[in-house]
Amino acid sequence: VGEEGTLKLKVAVTGWKGDAWLAFNNVTLTRYTKMDLTELETKLSDLRSEVQTYIGINSAIDEEVNSALANTENVDEDPIALADAINELTTVIEHASALKPVIEKAKVAITTCENILENSTATDKEEFSTVVETAKATIDASIDENAIYSATETLETARQAYVITCYPTNGITFDMTH
(Lines give C-alpha, C1' and ligand atoms only; values in the text may rest on other atoms or scores of the structure.)
Protein backbone atom coordinates (compact mmCIF):
# COMPACT_ATOMS: atom_id res chain seq x y z
CA VAL A 1 0.00 0.00 0.00
CA GLY A 2 1.36 3.36 -1.00
CA GLU A 3 0.34 6.84 -0.02
CA GLU A 4 -3.28 7.52 0.94
CA GLY A 5 -5.53 6.62 -1.97
CA THR A 6 -2.97 4.54 -3.87
CA LEU A 7 -2.22 0.89 -4.21
CA LYS A 8 1.11 -0.32 -5.54
CA LEU A 9 1.37 -3.65 -7.31
CA LYS A 10 4.61 -5.39 -8.07
CA VAL A 11 4.59 -8.06 -10.72
CA ALA A 12 7.62 -10.18 -11.45
CA VAL A 13 7.96 -12.29 -14.56
CA THR A 14 10.61 -14.96 -14.24
CA GLY A 15 11.90 -17.28 -16.87
CA TRP A 16 10.54 -15.18 -19.72
CA LYS A 17 12.72 -14.03 -22.57
CA GLY A 18 11.43 -11.14 -24.58
CA ASP A 19 8.69 -8.56 -24.05
CA ALA A 20 5.86 -9.35 -21.70
CA TRP A 21 2.41 -7.80 -21.44
CA LEU A 22 0.21 -7.70 -18.39
CA ALA A 23 -3.48 -6.82 -18.40
CA PHE A 24 -5.98 -6.49 -15.58
CA ASN A 25 -9.69 -6.83 -16.24
CA ASN A 26 -12.67 -6.69 -13.87
CA VAL A 27 -10.59 -6.00 -10.81
CA THR A 28 -12.42 -5.65 -7.53
CA LEU A 29 -10.65 -4.29 -4.50
CA THR A 30 -12.22 -4.81 -1.13
CA ARG A 31 -11.02 -2.89 1.83
CA TYR A 32 -11.33 -4.53 5.21
CA THR A 33 -10.87 -1.91 7.84
CA LYS A 34 -9.73 -2.25 11.37
CA MET A 35 -13.27 -1.69 12.60
CA ASP A 36 -14.21 -3.79 15.55
CA LEU A 37 -17.26 -6.05 15.48
CA THR A 38 -19.49 -3.44 17.10
CA GLU A 39 -18.61 -0.85 14.45
CA LEU A 40 -19.20 -3.37 11.66
CA GLU A 41 -22.55 -4.41 13.14
CA THR A 42 -23.56 -0.74 13.51
CA LYS A 43 -22.58 -0.04 9.89
CA LEU A 44 -24.57 -3.07 8.75
CA SER A 45 -27.60 -1.95 10.74
CA ASP A 46 -27.36 1.58 9.31
CA LEU A 47 -27.12 0.26 5.74
CA ARG A 48 -30.07 -2.09 6.30
CA SER A 49 -32.12 0.95 7.36
CA GLU A 50 -30.91 3.02 4.42
CA VAL A 51 -31.59 0.36 1.80
CA GLN A 52 -35.21 0.15 2.96
CA THR A 53 -35.74 3.77 1.88
CA TYR A 54 -35.54 2.56 -1.73
CA ILE A 55 -38.54 0.25 -1.40
CA GLY A 56 -41.37 1.49 -3.58
CA ILE A 57 -39.31 2.90 -6.45
CA ASN A 58 -40.31 0.00 -8.66
CA SER A 59 -40.93 -3.73 -8.33
CA ALA A 60 -37.51 -4.74 -9.64
CA ILE A 61 -35.67 -2.60 -7.09
CA ASP A 62 -38.00 -3.88 -4.39
CA GLU A 63 -36.84 -7.41 -5.26
CA GLU A 64 -33.17 -6.38 -5.07
CA VAL A 65 -33.69 -4.63 -1.73
CA ASN A 66 -35.69 -7.48 -0.23
CA SER A 67 -33.12 -10.02 -1.40
CA ALA A 68 -30.28 -7.99 0.13
CA LEU A 69 -32.21 -7.61 3.37
CA ALA A 70 -32.83 -11.36 3.51
CA ASN A 71 -29.18 -12.13 2.74
CA THR A 72 -27.92 -9.77 5.44
CA GLU A 73 -30.46 -10.51 8.15
CA ASN A 74 -28.59 -13.05 10.26
CA VAL A 75 -24.91 -12.43 9.64
CA ASP A 76 -22.47 -14.20 11.91
CA GLU A 77 -20.18 -12.18 14.12
CA ASP A 78 -17.43 -12.77 11.62
CA PRO A 79 -15.68 -9.66 10.25
CA ILE A 80 -15.50 -11.07 6.72
CA ALA A 81 -19.20 -12.07 6.70
CA LEU A 82 -20.10 -8.63 8.05
CA ALA A 83 -17.94 -6.93 5.43
CA ASP A 84 -19.52 -9.03 2.66
CA ALA A 85 -23.00 -8.07 3.91
CA ILE A 86 -21.97 -4.40 4.04
CA ASN A 87 -20.64 -4.65 0.47
CA GLU A 88 -23.86 -6.26 -0.76
CA LEU A 89 -26.03 -3.57 0.79
CA THR A 90 -23.73 -0.81 -0.47
CA THR A 91 -23.98 -2.19 -4.01
CA VAL A 92 -27.79 -2.30 -3.87
CA ILE A 93 -27.93 1.23 -2.44
CA GLU A 94 -25.63 2.58 -5.16
CA HIS A 95 -27.67 0.87 -7.88
CA ALA A 96 -31.03 2.00 -6.50
CA SER A 97 -29.85 5.56 -5.94
CA ALA A 98 -28.61 5.76 -9.54
CA LEU A 99 -31.94 4.47 -10.90
CA LYS A 100 -34.20 6.48 -8.61
CA PRO A 101 -34.12 9.79 -10.58
CA VAL A 102 -34.52 7.95 -13.89
CA ILE A 103 -37.56 6.06 -12.61
CA GLU A 104 -39.04 9.16 -10.97
CA LYS A 105 -38.80 11.03 -14.28
CA ALA A 106 -40.47 8.10 -16.03
CA LYS A 107 -43.26 8.07 -13.44
CA VAL A 108 -43.91 11.78 -14.07
CA ALA A 109 -44.28 11.00 -17.77
CA ILE A 110 -46.67 8.14 -16.95
CA THR A 111 -48.77 10.39 -14.68
CA THR A 112 -48.92 13.05 -17.40
CA CYS A 113 -50.09 10.49 -19.95
CA GLU A 114 -52.66 9.00 -17.58
CA ASN A 115 -54.01 12.52 -16.94
CA ILE A 116 -54.30 13.09 -20.68
CA LEU A 117 -56.10 9.77 -21.11
CA GLU A 118 -58.58 10.57 -18.33
CA ASN A 119 -59.38 13.95 -19.82
CA SER A 120 -59.55 13.30 -23.54
CA THR A 121 -61.32 11.49 -26.30
CA ALA A 122 -59.88 10.30 -29.61
CA THR A 123 -60.17 7.50 -32.11
CA ASP A 124 -56.71 6.20 -31.16
CA LYS A 125 -57.26 6.45 -27.39
CA GLU A 126 -57.07 2.66 -26.92
CA GLU A 127 -53.73 2.49 -28.77
CA PHE A 128 -52.29 5.28 -26.63
CA SER A 129 -53.62 3.58 -23.51
CA THR A 130 -51.83 0.38 -24.53
CA VAL A 131 -48.54 2.27 -25.00
CA VAL A 132 -48.95 3.85 -21.55
CA GLU A 133 -49.66 0.49 -19.87
CA THR A 134 -46.74 -1.19 -21.66
CA ALA A 135 -44.34 1.59 -20.64
CA LYS A 136 -45.67 1.48 -17.09
CA ALA A 137 -45.07 -2.30 -16.87
CA THR A 138 -41.58 -2.02 -18.39
CA ILE A 139 -40.54 0.78 -16.06
CA ASP A 140 -41.88 -1.05 -13.01
CA ALA A 141 -40.12 -4.31 -13.86
CA SER A 142 -36.76 -2.98 -15.01
CA ILE A 143 -33.43 -2.38 -13.33
CA ASP A 144 -31.84 -1.55 -16.67
CA GLU A 145 -31.41 2.20 -17.07
CA ASN A 146 -31.42 1.97 -20.88
CA ALA A 147 -34.68 0.00 -20.90
CA ILE A 148 -36.29 2.62 -18.65
CA TYR A 149 -35.03 5.45 -20.89
CA SER A 150 -36.29 3.65 -23.97
CA ALA A 151 -39.75 3.05 -22.47
CA THR A 152 -39.92 6.71 -21.41
CA GLU A 153 -38.92 7.91 -24.89
CA THR A 154 -41.52 5.63 -26.51
CA LEU A 155 -44.11 6.99 -24.10
CA GLU A 156 -43.16 10.60 -24.85
CA THR A 157 -43.31 10.03 -28.61
CA ALA A 158 -46.76 8.48 -28.27
CA ARG A 159 -47.93 11.33 -26.02
CA GLN A 160 -46.82 13.95 -28.53
CA ALA A 161 -48.66 12.16 -31.35
CA TYR A 162 -51.80 11.61 -29.25
CA VAL A 163 -52.24 15.20 -28.04
CA ILE A 164 -52.32 16.39 -31.63
CA THR A 165 -55.28 14.14 -32.48
CA CYS A 166 -57.23 14.03 -29.22
CA TYR A 167 -59.96 16.31 -27.98
CA PRO A 168 -59.62 17.57 -24.42
CA THR A 169 -62.58 16.98 -22.13
CA ASN A 170 -63.50 18.20 -18.65
CA GLY A 171 -62.15 21.68 -19.45
CA ILE A 172 -58.56 20.41 -19.37
CA THR A 173 -56.08 21.54 -22.02
CA PHE A 174 -52.81 19.78 -22.75
CA ASP A 175 -49.37 21.31 -22.87
CA MET A 176 -48.05 20.09 -26.19
CA THR A 177 -44.53 21.36 -25.47
CA HIS A 178 -44.08 19.27 -22.30
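Residues numbered from 1 in each chain as written. Predicted model: local features only at pLDDT ≥ 70, side-chain atom pairs only at ≥ 80, totals over all residues. Heavy atoms only, no water.

A.B. asks: Got a minute to help me understand the overall build of the protein in this structure?
C.D. replies: Per the secondary structure count, the protein includes 5 helices and 2 strands. Each helix and strand of the protein, ordered N terminal to C terminal, gives the series α-α-α-β-α-α-β. For the protein, the residues scored as buried account for 28% of the 178 residues in total. Carbon and sulfur atoms form 51% of the exposed surface of the protein, whose accessible area is close to 12300 Å². (Helix = DSSP H or I, 4+ residues; strand = E, 2+ residues; numbered from the N terminus. Buried < 20%, exposed > 50% of the residue type's maximum accessible area, 1.4 Å probe, protein only. Areas by Shrake-Rupley, 256 points an atom, 1.4 Å probe, with all protein chains shown as cover.)

A.B. asks: How should the pattern of salt bridges be read in this particular structure?
C.D. replies: For side chains of opposite charge, pairing can occur when their charged atoms come near one another. Under the counting rule described, the total for this entry stands at 2 salt bridges. Put simply, Lys 136 and Glu 114 hold a salt bridge, and the shortest N to O gap is 2.8 Å. Residue Lys 136 is located in helix α4 (residues 125–141), and its partner Glu 114 is located in helix α3 (residues 79–118); the two are separated by 22 residues in the primary sequence. A relative accessible area of 35% places Lys 136 in the partly exposed class. Overall, the relative accessible area of 23% leaves Glu 114 in the partly exposed class. Residue Glu 156 is joined to Arg 159 by a salt bridge in which the shortest nitrogen-to-oxygen separation is 2.6 Å. Of this pair, Glu 156 and Arg 159 both sit in helix α5 (residues 145–165), separated by 3 residues, roughly a single helical turn. Of the residues examined, Glu 156 reaches a relative accessible area of 21% and is grouped as partly exposed. (Salt bridge = Lys/Arg side-chain N within 4 Å of Asp/Glu carboxyl O.)

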